[in-house]
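Architecture and fold: a report
Below are the chains, spelled out letter by letter.
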Amino acid sequence: MDLETGAYAHAAEKESLKTVLILAYQSLGVVYGDLSISPLYVYKSTFAGDIQHSETNEEIYGVLSFVFWTLTLIPLFKYVFIVLRADDNGEGGTFALYSLLCRHAKISLLPNCQVADEELSTYKLEDPHETEAGSKVKGVLEKHKILHTLLLVVALIGTCMVIGDGVLTPAISVFSAVSGLELSMSHHEYAVVPITCLILVGLFALQHYGTHRVGFMFAPIVLTWLICISAIGLYNIFHWNPHVYRAFSPYYMYKFLKKTQRGGWMSLGGILLCITGSEAMFADLGHFSQLSIKIAFTSVVYPALILAYMGQAAYLSRHHTISGNYQIGFYVSVPERLRWPVLGIAILASVVGSQAIITGTFSIIKQCTALGCFPRVKVVHTSNKIYGQIYIPEINWILMTLCLAVTVGFRDTKRLGNASGLAVITVMLVTTCLMSLVIILCWHKSALLALCFILCFGSIEALYFSASLIKFLEGAWVPLVLALIFMSVMYVWQYGTIKKYEFDLQNKVSIKWLLGLGPSLGIVRVPGIGLIHTELVTGIPAIFSHFVTNLPAFHQVLVFVCIKSVPVPYVRPEERYLIGRVGTKEYRLYRCIVRYGYRDAHIDDHEFENQLVFSIGEFIQSERKNTHVSDDFSQDGKMTVIGTPGRENIGSYEEDECMQSASTSNIRSPVIQSIHDIMETHSPELARRKKVRFLLPDSPEMDPSVRAELQDLSDAKESGTAFILGHSYVKAKKGSSFLKKLVINVAYDFLRKNCRGPSTALSIPHISLLEVGAWRCVSWIFDHGLGYGFVSLLSDLPIFLSPLFHPPSTEHLTPFLLWCITALV
């Protein structure tokens, strides 16, 4: 499916039974990989020191009872029957719940929110009627600003724990699978850790190929694994203890806690690993459907897991003389003849489970970046047909490094289980807290029902959370430290971004100043289109005045472009663009707001440029039809929704390669001519790139002024497009506290210099990019051209020196030569 429409294409279709079953089959490899491999380490982590397996079997029956009811209450009742219904236009996850709350109550911290965003079809509320309890809760949330921050922090905590789970799940899954060598090799202690590390390195090294290539065998592997553990479980039940089903009685949980007391309570941290991966059912909802996920879990995954745990318990209930903690595990219950084949299937299944959480980590970081809560990173869409398959190189190698460090550092299932358990249960607690608010504010149910929900599931999860937290020194500190690091990064970035936006908002240029420049803006207008990127949705950015007061010329068509995210998963193409006019018609100044959801894929620069120009053309033609739009400059801020244009009114065709030189402007400066020669010499594929030309319709009914404006737009497009990007530096003002200086001057400045720049994040071609630099403080701004050039040189030095360390290619050589020319000029 197309990236532009893939996010919601399947949601609009009426699913047939065949489609649902196919999606249910595919979800086995994507959603349930992590949950399916939990039998590898649950019993081993539970009996790793806190309790002992005695001949009365009270411990093993108690653990089985806890596993059965935990799997039944949390994944089945909570997620399948309740949480899956809290989707955000078909999307799930922590940010889906947070975006739902932001739409039903004004608690969003996004700085550039507009009233027009509430008119999006994916933003509109299905049931606007509120209950009395919902009105009271909404009023309290909207009144206190600290609650806005608290809700965002809660959502970010869940996000950080998911990232921590992306580090811990591959480690414990692969390590537990490879640990089967303990029963098959004499010197297993020298082989388990190296083999685990080798598999992990291979897993992360293959991520750049994309899920559609790496994971084409995911569903068959997981299905084979589930069939395997089900068959082994049935064999053990009938062969060793057919009466093991009696452990389903909650009475065995009571006997277990009564006998083991504090040791039994601490062992709950190992039991909760049986629900590892349950959150994926909700987080990956956007790739499938509610019905398909429910069918896969209730008909395949849930029965297979119950049989697997029952089989292990049946085997252990008849084997009490084996010493050694490692014998309380999965492989000891596997018949000896099947251990090697099962070991191979288990390793493949652990890789599948690890792949699922790694992909989920990429997705959730992309969402954080879209909402301004994480530094800009390179997002690679590995498939142009399957939505949601992305790869983030920086995050991939960070995860691999941390995963290897945890594996080598711990080297046992107990501490890895303690760390993974705390991360898993924290995410579930966050989901429970947010769901209680969704029940009141979004579903408009009674406060009593929300209270019952949080008491029922929250008390269970709180019990497991306390059991995991008590093992802080035995491995549980790892997810907390990772969460603290990522939370600090997110807070610093979000705080610095908001402060910079507030400064831009306070220092924007007035319309009166623009009117004083005259129709030509007081400067020479040269052919072409100038796209001025800004985060402001109203007003003229201060960087524009900084530019026009230092340069004698500007483009004949200027467009203030704001690319913003809205708290919805996706924006339909027909609602993506908001077009308006800045000043009078003679100015040829426009404002374009491009809206993306937190799971939308940004189109490439060439297609974006074409769609932007088409949208402006549609706006010019439809302006006369809209009575609310006039020629008066006071109408700045009045925007018109223009979707992905149908191109009925402005024709287009692709030029032949031989026409490229003729299509460019006849007026070329020596510098521009030199740059063009460099492009033709070192990047012929870029010079021969197909170009779209716009033709005006031969309609005698068209207004002459509209035709003239469209002609100017068409001529400007043929002359070329330049991207003007404000490059700012934020500094804390004098007299600020030490903490603010540390956050802004050190932490935020470090992140800004070492993360992807705006031009890279927006996919702006280097040949068309012009950056304007200025220092920005909390309360004032002053120009600093020399400082900008020096710091820009240092920050961009690794990019431009890359040809010295890698074979030269047109990809690196062209920007390097262009930078040299610019530096000399």
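Basis of the calculations
All residue numbers refer to positions counted from 1 along the written sequence of the respective chain. Per-residue local features are limited, in this predicted model, to residues with pLDDT of at least 70; the limit for side-chain atom pairs, both in listing and counting, is 80 or more; totals at the level of whole chains, interfaces and linings are taken over all residues. Excluding hydrogens and water, the side-chain figures rest on all heavy atoms present in the structure. What counts as a helix is a DSSP run of H or I of at least four residues, what counts as a strand is a run of E of at least two, and both are numbered from the N terminus. Each residue's exposure class comes from its accessible area (1.4 Å probe, protein chains only) as a fraction of the maximum for that residue type: buried when under 20%, exposed when over 50%, partly exposed otherwise. Whether two residues touch is decided by their heavy atoms; if any such pair falls within 4.5 Å, the residues are in contact. Note that accessible areas follow from Shrake-Rupley with a 1.4 Å probe, and for residues the cover is restricted to the protein chains shown. Only rings of Phe, Tyr and Trp enter the pairing, Trp through its six-membered ring, and a pair is recorded when the two centres are within 6.5 Å. The plane angle decides the type: under 30 degrees is stacked, over 60 is edge-to-face, the rest tilted. To define axes, lines are fitted to C-alpha atoms, for helices over the stretch in contact only, and angles between the resulting N-to-C directions are given on a 0 to 180 degree scale. Angles below 35 degrees are treated as roughly parallel, those above 145 as roughly antiparallel, those between 65 and 115 as roughly perpendicular, and all remaining angles as oblique. Here a crossing is called left-handed whenever its near helix is offset anticlockwise from the far helix by less than a right angle, and right-handed whenever the offset is clockwise. For this classification, the nonpolar set comprises Ala, Val, Leu, Ile, Met, Phe, Trp, Tyr, Cys and Pro, the charged set comprises Asp, Glu, Lys and Arg, and every other residue, Gly included, is treated as polar. Disulfide: a pair of cysteine sulfur atoms within 2.5 Å of each other. Per-residue confidence from the prediction method is given by pLDDT, with values spanning 0 to 100. The salt bridge criterion pairs a side-chain nitrogen of Lys or Arg with a carboxyl oxygen of Asp or Glu, the two atoms within 4 Å. In this description, a nonpolar core means a group of buried Ala, Val, Leu, Ile, Met, Phe, Trp, Tyr and Cys residues linked to one another through side-chain atoms lying within 4.5 Å.

Remarks on the overall build of the chain
The number of helices and strands found in the chain is 31 helices and 12 strands. Taken across its 825 residues, the chain has 55% of its residues classed as buried. Across the chain, every contact between residues at least 6 apart in sequence was considered, and the portion connecting residues at least 24 apart equals 83%. When the accessible area of the chain is evaluated, it comes to approximately 34,700 Å², of which 63% is carbon and sulfur surface.

Comments concerning the packing of aromatic side chains
Scanning all chains against the criterion turns up 18 aromatic pairs. Ring geometry for W240 and Y315: centres 5.6 Å apart, planes at 90 degrees, overall edge-to-face. Remark: Y315 occurs in helix α15 (residues 290-316) and W240 occurs in helix α11 (residues 218-240); sequence separation between them is 75 residues. Using a relative accessible area of 12% as the deciding quantity, one classes Y315 as buried. With 5.7 Å between their ring centres and 45 degrees between their planes, F297 and Y302 make a pair best called tilted.

Comments concerning the packing of helix α17 (residues 393-410) against helix α18 (residues 413-441)
At a closest axis distance of 8 Å, the pairing of α17 and α18 adopts a crossing angle of 135 degrees. Taken together, α17 and α18 sit at an angle that is classed as oblique. Every pair of crossing elements has a handedness; the one defined by α17 and α18 is right-handed. Touching V406, G409 and F410 of α17 are R415, L416 and A419, all from α18. Split by residue class, the contact of α17 with α18 holds four nonpolar, one polar and one charged.

Some remarks on the state of the cysteines
Under the definition given, this model contains zero disulfides. No disulfide involves C373; its nearest neighbouring cysteine sulfur is the one of C368, lying 6.1 Å away.

Here's the deal with unusual backbone geometry
If you check the backbone angles, N57 has positive phi at about 65 degrees while not being a glycine. Positive phi, close to 55 degrees, is recorded for Q261, a residue that is not glycine. Summarising the element assignment, Q261 is placed in the loop between α12 (251-260) and α13 (262-271).

Comments concerning the confidence of the model for the chain
The predicted model of the chain averages 76 in pLDDT, with 75% of residues at 70 or higher. Note that pLDDT drops below 50 for residues 627-635; the model gives that stretch 14 contacts with residues more than four away or on any other chain. Here residues 646-690 is a poorly scored stretch, pLDDT under 50, and it has 70 contacts once near neighbours within four places are set aside; other chains count.

Brief notes about the pattern of salt bridges
A complete count under the given rule lists 12 salt bridges for this structure. For K499, the salt bridge is made with E502, and the minimal N-O distance between the two is 3.7 Å. With K499 and E502 both in helix α20 (residues 477-506), this residue pair falls three residues apart, about one helical turn. Looking at K499, the relative accessible area reads 27%, which means it is partly exposed. Ionic pairing is found between E709 and R581, a salt bridge with its closest N-O pair at 2.7 Å. Residue E709 is found in helix α27 (residues 704-719), and its partner R581 is found in strand β5 (residues 577-581); the two are separated by 128 residues along the sequence. Neither residue differs from the other here; E709 and R581 are each classed as buried. Each of E58, E59, K255 and K259 takes part in a single network of salt bridges with overlapping partners.

Quick look at the nonpolar core
Counting 162 residues, the largest nonpolar core has Y32, L40, Y43, L71, W225, F297 and Y309 as its most contacted members. The residues touching W225, leaving out its near neighbours within four places in the chain, are S36, I37, L40, F330, V342, I345, A346 and A349. Listed in part, the 24 residues of the second largest apolar core include V559, Y577, V613 and L713.

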